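These are the residues of each chain, in order.
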Amino acid sequence: QVQLVESGGGLVQAGDSLKLSCAASGRTFSKNAMGWFRQAPGKEREFVAVTDWSGGATYYADSVKGRFTISRDNAKNTVYLQMNTLKTEDTAVYYCAARKNTLISDLRAAFDYWGQGTQVTVSA
């Protein structure tokens, strides 16, 4: 059974940093694109960042470009999201997701596996 488990969320102040982790189990994702999405209260789940299987190709939402960095450690079957200079509008539940193929995408429907999410709250 495939599982994606996020961790690292919490309550921080604006301007702080936080690093999320997503550990995969049940199969290896070393040849799969993996990404992060987020969902704020009352809003649709939105794309945040994605990486290809190697970490060599990445893509970010404009709202986080320059502040967030996605990376992965295939030996640990884990993907990370380093979030710097956090803003109150970054408050959301953050979800890890994986595709069945290697191609990066910013479309929610393109991802086949999802974690349960981790809450990130940024206070002013």
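Report follows, based on the coordinates. Here the structure is a predicted model, which is why all the values come from computation and not from measurement.

## A word on the overall build of the chain
Inference 1: On a plain count of helices and strands, the chain comes out with 0 helices and 11 strands.
Inference 2: Helices (α) and strands (β) of the chain occur, in sequence order from the N terminus, as β-β-β-β-β-β-β-β-β-β-β.
Inference 3: Here the C-alpha radius of gyration of the chain, 13 Å, is about what a compact globule of 124 residues would show, namely 14 Å.
Inference 4: Per-residue burial for the chain yields a buried fraction of 44% across its 124 residues.
Inference 5: Across the chain, contacts joining residues at least 24 apart in sequence account for 60% of those joining residues at least 6 apart.
Inference 6: Counting every atom, the chain has about 6,200 Å² of accessible surface; 48% of that belongs to carbon and sulfur.
Inference 7: One finds the centroid of the 14 positive side-chain charges in the chain at a distance of 5 Å from the centroid of its 11 negative side-chain charges.

## Some details on the nonpolar core
Inference 1: Judged by nonpolar contacts, the single largest core of 34 residues is most densely connected at Leu4, Trp36, Leu81, Met83 and Tyr94.
Inference 2: Counting residues per element, the ones that place at least two in this core are strand S3 (18-25), strand S4 (34-39), strand S5 (46-51), strand S7 (68-73), strand S8 (78-83), strand S9 (92-98) and strand S11 (118-123).
Inference 3: Broken down by element, this core gets its largest block of residues, 5 residues, from S9.

## Side note on the state of the cysteines
Inference 1: Under the defined criterion, the tally for this structure stands at 1 disulfide.
Inference 2: Across a sulfur-sulfur distance of 2.1 Å, cysteine 22 and cysteine 96 are joined as a disulfide pair. One disulfide, between cysteine 22 and cysteine 96, carries an S-S torsion of -75° and so falls in the left-handed class. Taken together, the positions of cysteine 22 in strand S3 and cysteine 96 in strand S9 put the pair 74 residues apart, joining distant regions of the chain.
Inference 3: The class of cysteine 22 is buried, set by a relative accessible area of 0%.

## With respect to the pattern of salt bridges
Inference 1: Applying the stated criterion across every chain, the model contains 4 salt bridges.
Inference 2: Of the charged contacts, one joins arginine 38 and aspartate 90 as a salt bridge, the two residues approaching to 2.9 Å between their closest N and O atoms. Of this pair, arginine 38 sits in strand S4 while aspartate 90 sits in the loop between S8 and S9, and the two are 52 residues apart along the sequence. Each member of the pair, arginine 38 as well as aspartate 90, is classed as buried.
Inference 3: Aspartate 62 is paired through a salt bridge with lysine 65; the nearest N and O atoms lie 3.0 Å apart.
Inference 4: Judged by its relative accessible area of 47%, lysine 65 is partly exposed.
Inference 5: Each of Arg38, Glu46, Arg67 and Asp90 takes part in salt bridges that share partners, so that together they form one network.

## Notes on the side chain of arginine 72
Inference 1: Tracing the backbone through its elements, the reader meets arginine 72 in strand S7.
Inference 2: At 5.8 Å, aspartate 52 is the nearest oppositely charged side chain to arginine 72, a buried residue that forms no salt bridge.
Inference 3: A polar side-chain atom of arginine 72 sits 2.6 Å from the main-chain carbonyl oxygen of phenylalanine 29.
Inference 4: Within polar-contact distance, the side chain of arginine 72 engages the backbone oxygen of tryptophan 53 at 3.3 Å.

Thresholds, definitions, all that
- Residues numbered from 1 in each chain as written.
- Predicted model: local features only at pLDDT ≥ 70, side-chain atom pairs only at ≥ 80, totals over all residues.
- Heavy atoms only, no water.
- Helix = DSSP H or I, 4+ residues; strand = E, 2+ residues; numbered from the N terminus.
- Rg over C-alpha atoms; globule rule 2.2 N^0.38 Å.
- Buried < 20%, exposed > 50% of the residue type's maximum accessible area, 1.4 Å probe, protein only.
- Contact = heavy atoms within 4.5 Å.
- Areas by Shrake-Rupley, 256 points an atom, 1.4 Å probe, with all protein chains shown as cover.
- Lys, Arg positive; Asp, Glu negative; His and termini not counted.
- Charge placed at Lys NZ, Arg CZ, Asp CG, Glu CD.
- Core = buried A, V, L, I, M, F, W, Y, C linked by side-chain atoms within 4.5 Å.
- Disulfide = S-S within 2.5 Å.
- Salt bridge = Lys/Arg side-chain N within 4 Å of Asp/Glu carboxyl O.
- Polar contact = N/O pair within 3.5 Å; in protein donor to acceptor, adjacent residues only side chain to side chain.

Shape descriptors only; they carry no functional weight alone.
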